[in-house]
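Chains, contacts and geometry: an overview
This is what each chain is made of:
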Amino acid sequence: MAEVLVYVDHVDGAVRKPTLELLTLARRIGEPVAVALGNGAADTAAALAEHGAVKVLTHDASEYADYLVVPKVDALQAAVEAVSPAAVLVPSSAEGKEIAARLALRIGSGIITDAVDLEAGDEGPVATQSVFAASFTTKSRVAKGTPVITVKPNSAAVEAAPAAGAVEALAVTFSAAATGTKVTGRTARESTGRPELTEAAIVVSGGRGVNGAENFAIIEALADSLGAAVGASRAAVDAGWYPHTNQVGQTGKSVSPQLYIANGISGAIQHRAGMQTSKTIVAVNKDAEAPIFELVDFGVVGDLFDVVPQLTEEVKARKG
Amino acid sequence: MSLRIVVTVKYVPDATGDRHFADDLTVDRDDVDGLLSELDEYAVEQALQISENSDDDVEVTVLTVGPEDAKDALRKALSMGADKAIHVEDDDLHGTDAIGTSLVLAKAIEKAGFDLVVSGMASTDGTAGIVPALLAERLGVPQVTLLSEVSVEDGTVKGRRDGDAASEQLEASLPAVVSVTDQSGEARYPSFKGIMAAKKKPVQSWDLSDLDIEAEEVGLEGAWTAVEDATPRPVRTAGTIVKDEGEGGKQLAEFLAGQKFI
């Protein structure tokens with residue numbers, strides 16, 4: 001059976017959920033071989049094996065943390081040359097897409113970004129993408145070379161599928177370009193204790209109607225009652241009420257959770273682009289004419305300052 | 001010292017219009033009004049700020065690849081303050097994908113001459129956000145991308161890249177490719193004077209033969225990816241809308257409980 005390379009996104013050995021989802025998709029095409037780089041690379045093996053990796057290629061060097069993107073491209077290229085895979089799958093993070101793009105160019109392959117589903121096809125893997133602010137769904141395949149495909153979070157279920165997960169050292173020689181862009185400083189983001197926005201099963205978002213940074217506390221309280229991530233519309237971020245890392249929309253994150261709760265968000269195309277593929281959508285808005293209500297499974301026309309705290313209390317009561 | 005900045009911009013269908021696909025599954029660019037991609041306005045803005053903050057002799061060139069109408073995007077950038085423009089236009093480019101576009105842009109950038117390439121974080125139609133990385137790979141220069149803050153001094157570009165897990169300070173020597181996000185600073189509106197001045201600024205037109213690119217390397221036939229199917233997303237079935245009469249939060253909780261979210 002053909003091997004499929006899966007690029008592992010991990011933090012000091014802790015594998016992030018989108019990588020485990022990639023393993024589910026990789027198993028539809030062939031045998032997953034994982035590539036883990038940097039500090040803690042070998043520590044990823046147990047989790048990867050449990051979810052279907054037959055092999056885990058690892059390499060650690062200071063270059064991965066000290067320089068931007070290119071050292072990882074060098075390593076992934078070395079893995080492609082060692083394995084000759086049927087496809088290369090990479091998580092669709094900002095960095096993942098950049099790594100994938102440079103790899104595709106180097107190995108003479110086409111690239112598909114932001115796939116939301118993947119299946120085996122007669123002429124190679126067929127990727128589903130959601131385009132034009134999720135108003136269209138396309139199916140595409142890579143026409144030349146080894147398909148390089150980046151996949152968005154929440155595109156597949158994480159499945160247990162125990163495999164060998166044998167750790168092998170990957171031999172990597174860094175290119176002259178590897179040290180081109182130096183990372184001279186790094187400030188880790190403060191943890192909020194909430195799930196990662198793009199990976200969360202439930203997202204609770206606030207928009208213009210929240211009307212002030214201090215009022216986001218009621219959005220956060222609802223999120224915490226549900227174990228959800230917090231999102232914000234561009235209007236709320238531009239106003240300085242909530243950080244840009246939490247922005248949902250065309251120029252922010254694109255999310256596809258099981259449940260999306262939009263509070264005080266009108267639902268302009270810019271926002272819809274980032275949340276329209278959510279499975280269930282509910283909204284609270286004062287304006288009955290707000291376009292967000294065209295998308296919802298359930299909507300409440302009312303003041304979010306009345307409705308949201310009542311909902312939070314009700315959630316807490318029901319969860320006991 | 002001189003500093004040659006090339007800003008890559010894209011002419012895109014208006015996101016508020018009815019964007020759709022043509023019969024050959026390429027993006028229909030005829031039926032929907034086009035404009036300079038909003039995210040590229042930030043690139044033009046940062047290039048102009050680098051120019052204004054520099055003691056060097058800086059020239060800002062805007063470059064686009066696209067059909068005749070794409071000149072509108074160049075005009076907008078020129079009216080914001082760019083010095084000159086290059087338009088790569090060729091019928092054989094129809095259907096070119098990101099890998100092909102990066103080839104055309106890279107050849108044009110090399111022909112124009114550059115010390116710094118500034119791009120937006122992504123286009124508002126394709127949204128992949130990979131062209132800046134592809135340009136760095138093709139041009140063989142450092143990639144300093146997704147910057148919320150950028151500065152150039154003494155042949156070095158510095159910037160701040162805000163990722164999900166951390167915020168990173170980056171540094172590279174020129175020549176380099178940078179891309180900037182929508183957090184890099186609001187783009188200026190063209191002034192009346194700027195709009196008038198733009199009419200007199202030079203717009204050069206190149207075709208594929210000017211760039212030594214064969215037709216087979218680009219276009220729909222030369223594309224590295226094939227779109228096999230495009231279907232409109234099914235319209236969401238109308239949901240239940242209630243007016244809050246004091247019980248709105250409870251009604252919403254009832255719905256969520258019914259869906260097993262609580």
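Up top you'll find the structure we're talking about.
Just so it is clear, the model here is predicted, and its values are computed rather than measured.

With that settled, the discussion passes to the overall build of chain B. Per the secondary structure count, chain B includes 7 helices and 13 strands. Each of the three principal axes of chain B carries a C-alpha extent, and together these read 70 × 40 × 40 Å. Looking at chain B as a whole, 50% of its 262 residues qualify as buried.

What follows covers the sheet that holds strand 12 (residues 225-232) of chain B. Pairing in this open sheet of 10 strands is mixed, and the strands run 11(A)-5(A)-4(A)-1(A)-6(A)-10(A)-7(A)-8(A)-9(A)-12(B) from one edge to the other. Since the sheet does not close on itself, it has two edges, and those belong to strand 11 (166-169) of chain A together with strand 12 of chain B, each with one partner. Averaged over all pairs of adjacent strands, the angle between their axes in this sheet comes to 35°, without regard to strand direction. For strand 7 (residues 111-119) of chain A and strand 10 (residues 148-151) of chain A, the ladder comprises 3 bridges, and the chain directions are parallel. When the sheet's bridge partners are listed, Ala-115 of chain A is paired in strand 10 of chain A with Val-151 of chain A.

Our next topic: the pairing of strand 5 (residues 84-88) of chain B. All names here are of chain B. With 4 of 5 residues buried, strand 5 lies mostly within the body of the structure. Looking at chain direction, strand 4 (residues 57-65) and strand 5 are connected through 5 bridges and run parallel. Note that in strand 5 the partner of Leu-63 across the bridge is Ile-86. Tracing the backbone out of strand 4, into helix 2 (residues 71-80) and back to the parallel element strand 5 gives a crossover that is right-handed. Two elements, strand 5 and strand 11 (residues 203-206), share 4 bridges in a ladder whose sense is parallel. Opposite His-87, over in strand 11, you have Ser-205 as the bridge partner.

This part takes up the interface of chain B and chain A. The partner chain A presents 70 residues to the 62 residues of chain B that form the contact. When residues of the side of chain B that touches chain A are traced back to their parent elements, those giving at least two are helix 4 (131-139), strand 7 (143-153), strand 9 (166-173), strand 12, strand 13 (240-243) and helix 7 (248-258) of chain B. Sheet analysis places strand 17 (residues 298-301) of chain A next to strand 13 of chain B, joined by 4 bridges and oriented parallel. The partner of Gly-299 of chain A across the bridge, within strand 13 of chain B, is Ile-241 of chain B.

Take the sheet that holds strand 10 (residues 176-180) of chain B next. Across the sheet, 10 strands lie side by side as 12(A)-9(B)-8(B)-7(B)-10(B)-6(B)-1(B)-4(B)-5(B)-11(B); this open sheet has mixed pairing. Edge strands, defined here as strands with exactly one partner in the open sheet, are strand 12 (182-188) of chain A together with strand 11 of chain B. Averaged over neighbouring strand pairs, the angle between their axes works out to 30° when direction is ignored. Where strand 1 (residues 2-8) of chain B meets strand 6 (residues 116-120) of chain B, 3 bridges bridge the pair, whose relative direction is parallel. In the strand pairing of strand 6 of chain B, Val-7 of chain B is matched with Val-118 of chain B.

It is worth spelling out the environment of Val-218 of chain B at this point. Residue and element names in this part refer to chain B. Relative to the helices and strands, Val-218 resides in the loop between strand 11 and helix 6 (219-222). Separated by 123 residues in sequence, Val-218 and Gly-95 place their C-alpha atoms 7.9 Å apart. Not counting the four nearest positions on each side in its chain, Val-218 is found in contact with Asp-92, Leu-93, Thr-96, Gly-100, Leu-103, Val-104 and Ile-213.

Counting 132 residues, the largest nonpolar core has Val-6, Val-35 and Leu-89 of chain A together with Val-7, Val-44 and Ala-77 of chain B as the members making the most contacts within it. A per-element tally of this core places helix 3 (residues 98-112) of chain B first, with 8 residues. Setting aside residues up to four positions removed in sequence, Val-7 of chain B forms contacts with Ala-43, Val-44, Ala-47, Val-60, Val-62, Leu-63, Ala-77, Ala-82 and Val-118 of chain B.

Parameters and conventions
Residues numbered from 1 in each chain as written. Chains lettered and ligands numbered in written order. Predicted model: local features only at pLDDT ≥ 70, side-chain atom pairs only at ≥ 80, totals over all residues. Helix = DSSP H or I, 4+ residues; strand = E, 2+ residues; numbered from the N terminus. Buried ≥ 20, exposed ≤ 12 C-beta atoms within 10 Å, placed from the backbone. Pairing = 2+ DSSP bridges. Axes fitted to C-alpha atoms, helices over the stretch in contact; angles between N-to-C directions. Right-handed = clockwise from strand over helix to strand, strands pointing away. Contact = placed C-beta atoms within 7 Å. Core = buried A, V, L, I, M, F, W, Y, C linked by C-beta atoms within 7 Å.

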